[in-house]
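# Examining the three-dimensional arrangement
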Number of protein chains: 2
Amino acid sequence: MTEQLYNLNELNSFLLAKEFSSCIVLADSNTHHHCLADLLASCEALNSAEIIEIDAGESSKDLEIASGIWEALLEFGTDRHACLLNLGGGMITDLGGFVASTFKRGIPYIHIPTSLLAMVDAAIGGKTGINLSGSKNQVGTFAHPVAIVTCTAFLRTLPERELRSGMAEMLKHGLIADLDHFTQLTQLHLLDVVKLEPLIRRSAEIKNAIVKADFRESGQRQVLNFGHTTGHALESAMAKRDTPLLHGEAVALGLICALHLSVKLLHLDAEFASSAAASISRLVPLPTGRMVSITPETLWPLMQTDKKNRDGQVQFVLLEAPGQPRYHQIVDYDSFAEAWLQSVD
Amino acid sequence: MTEQLYNLNELNSFLLAKEFSSCIVLADSNTHHHCLADLLASCEALNSAEIIEIDAGESSKDLEIASGIWEALLEFGTDRHACLLNLGGGMITDLGGFVASTFKRGIPYIHIPTSLLAMVDAAIGGKTGINLSGSKNQVGTFAHPVAIVTCTAFLRTLPERELRSGMAEMLKHGLIADLDHFTQLTQLHLLDVVKLEPLIRRSAEIKNAIVKADFRESGQRQVLNFGHTTGHALESAMAKRDTPLLHGEAVALGLICALHLSVKLLHLDAEFASSAAASISRLVPLPTGRMVSITPETLWPLMQTDKKNRDGQVQFVLLEAPGQPRYHQIVDYDSFAEAWLQSVD
């Protein structure tokens, strides 16, 4: 259903073949600066495209900006046969996907992820969304793009910290579904884009297979939340600080915490868990010093209000063994507190 | 997929069986006054339901109100297992359906249409939407309610003009799909709710069958636009006046215009068209005197910008014979002008 493309020439051919009535590119201030010229130079099909630029950053992922984009589409005379191209990281793909999937009850859209995180995670799986009153992704849809363009050349524009953050989701895919993939990732020393490319494809494959089996997340898809119960809480707790964490950094620590919990509650092999935790720490360097004041007491209520939970219980995805995730695992406070302290030790 | 219920006791049993985590009723100022007490008295399952009331009228069908409802749901702590009950006419079912289908990427919702128009048309078929900058339904989704409750007792609260307006969509269903249904409708003299009930069910059946065959309106579903090309333009043209038309009134005249065009362009039997037009005029009394200043020149550009059209062409659904609609019929200005003048004659 979604076409997978690997470079901008393939995108150009795709656009020419599809004969959309018009094309609109949605970019943020970063991708407008770093990526748009390349995109337009490679795609003559975008010669007369309209460009919408919004501010970079998570704060643009809200209803006011969505409304501005809908209004712009209306002003351009955009019809149902037009295509919106979302050029950016997860903020742009989530927001642009939501806007396109609801404009005139849904127009075609294409994701062109420019961050590693978006290539292996945000752009895949058909979840769209915006934040509401500071709560993440409270309004959104399930809707597939007509194509995803994974053009790793864009990764060269990313700071190394962003690139390492994106690795967290790839490591997660390895842990929940493919130990070989995890091992290959841990053997990377320098983050070389050429070496990353096949690993990015494999990560995308893993996520696609899980999503295909359970598009609307009624069951099995929840395994993709491995590392995210604690990760999201940590991200929220740090968001108000001067030095917030990147999503992948929070998830990396969430993965380590979930590994420790898995040892205690599902008898995951302790040696494997320690060595996996060490690899994650090495690949996604964690500013643990900065988190000394984040206590289990701070995180617990944030985890209780997670949109997957109910009645104040806290559920985790845990590993019984590598590649064998179990979702809906209810975790008590004491077990979590112990695992958290092991994680930031 | 959508459960069809016919009274409030059935709704109560449905709610008890489903065990939603919470229920929220969305009403407008009219249905809050006329219908809410009956609903709550008949459904103990709604004992602890939250109530959201918004102003009646099309101007509430916008992003600001949608945003207010999302915020209220968030404040109530509404989770993905909650249910939104939309109690009202087409404005409430369109808006409530949109809000529910996008809150946390979609929570279950139930339509309880209280107008004839909503029972036979708006609440059926899974189209949701809000207006944008005064343009109708520019933002929305395709999403099915978990149940529709057709409780004709609510029709007793409707003014006769509203009831007659709702007949237009039923007449349309008869013309495009079931001549017997059309004939039975034309034989009604008083609009008696008891006599209407089986006809409402038949109309709903016809629409459901058409929608089922083409949910996302890529083809055959477009036949439901019979009468709506001119109807929508007329509704827009009259909206700015002191005495706007009801949707069904505009559609009734649109049906008559489409019948005249069908005679000219698709050789629909002229005698049938005249007699059908007379029946429509009788059942849905048309304030034609008030439309003397609406000219074909006023309507044409409004029809060109209809969201189904492309490149300035105007497409109609026309009838080759009763029950044999043809969509994508391109109509020239002169033919339209002639048919319009016959219609308001």
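All values reported here derive from a predicted model rather than from experimental measurement. Residue numbering note: each chain is counted from 1, following its sequence as written. Lettering for chains starts from A, numbering for ligands starts from 1, and both go in the order in which the items are written. Per-residue local features of the predicted model are confined to residues with pLDDT of at least 70, and side-chain atom pairs are confined, for both listing and counting, to 80 or more; whole-chain, interface and lining totals are unaffected and use all residues. Computation of side-chain values covers all heavy atoms of the structure but excludes hydrogens and water.

Moving on, we come to the overall build of chain A. In terms of helices and strands, chain A carries 14 helices and 10 strands. Within these notes, the globule rule equals 2.2 Å times the number of residues to the 0.38 power, and the radius of gyration is based on C-alpha atoms. Taking 20 Å as the expected radius of gyration for a compact globule of 345 residues, we find that chain A reaches 20 Å, a close match to that expectation. With 345 residues in all, chain A has 58% of them scored as buried. Residues are treated as being in contact if the distance between any of their heavy atoms lies within 4.5 Å. If you take every contact in chain A between residues at least 6 apart in sequence, the share linking residues at least 24 apart comes to 77%. Accessible areas in this description were obtained via Shrake-Rupley with a 1.4 Å probe; residue shielding takes into account the shown protein chains only. Just so you have it, chain A exposes about 13800 Å², and 48% of that area is on carbon and sulfur atoms. Positive charges are assigned to Lys and Arg, negative charges to Asp and Glu, while His and the chain termini are left out of the count. Charge placement uses NZ in Lys and CZ in Arg. For Asp and Glu, CG and CD serve respectively. Computed over 27 positive and 40 negative side-chain charges, the separation of the two mean positions in chain A equals 4 Å. The helix and strand labels rest on DSSP assignments: H or I over at least four residues marks a helix, E over at least two residues marks a strand, and numbering proceeds from the N terminus. A 1.4 Å probe rolled over the protein chains alone gives each residue an accessible area, and that area as a share of the maximum for its type sets the label: buried under 20%, exposed over 50%, partly exposed in between.

Before going further, it helps to spend a moment on the environment of leucine 5 of chain A. Residues and elements named next belong to chain A. Relative to the helices and strands, leucine 5 resides in strand β1 (residues 3-5). For the pair leucine 5 and glycine 89, spaced 84 residues apart in sequence, the C-alpha separation works out to 17 Å. Contacts of leucine 5, omitting those with residues within four sequence positions, involve Glu10, Leu11, Phe14, Ala147, Ile148, Val149 and Thr150.

All names here are of chain B. What counts as an axis is a line fitted to C-alpha atoms, over the stretch in contact for a helix, and the angles between N-to-C directions run from 0 to 180 degrees. Axis separation between helix α7 (residues 160-177) and helix α12 (residues 270-283) bottoms out at 9 Å; the angle between their running directions is 155°. Of the possible angle classes, the one that applies to α7 and α12 is roughly antiparallel. Every pair of crossing elements has a handedness; the one defined by α7 and α12 is right-handed. Only Phe272, Ala276, Ile280, Arg282 and Leu283 of α12 make contact with α7, whose side of the interface consists of Arg164, Met167, Leu171 and Leu175. Split into classes, the residues belonging to the contact of α7 with α12 amount to seven nonpolar, no polar and two charged. Any angle from 65 to 115 degrees is called roughly perpendicular, while one under 35 is roughly parallel, one over 145 is roughly antiparallel, and all others are oblique. By definition, any crossing whose near helix is turned counterclockwise from its far helix by less than a right angle is left-handed, and any crossing with a clockwise turn is right-handed. Residue polarity is assigned by list, with Asp, Glu, Lys and Arg as charged and Ala, Val, Leu, Ile, Met, Phe, Trp, Tyr, Cys and Pro as nonpolar; anything else, Gly included, falls into the polar class.

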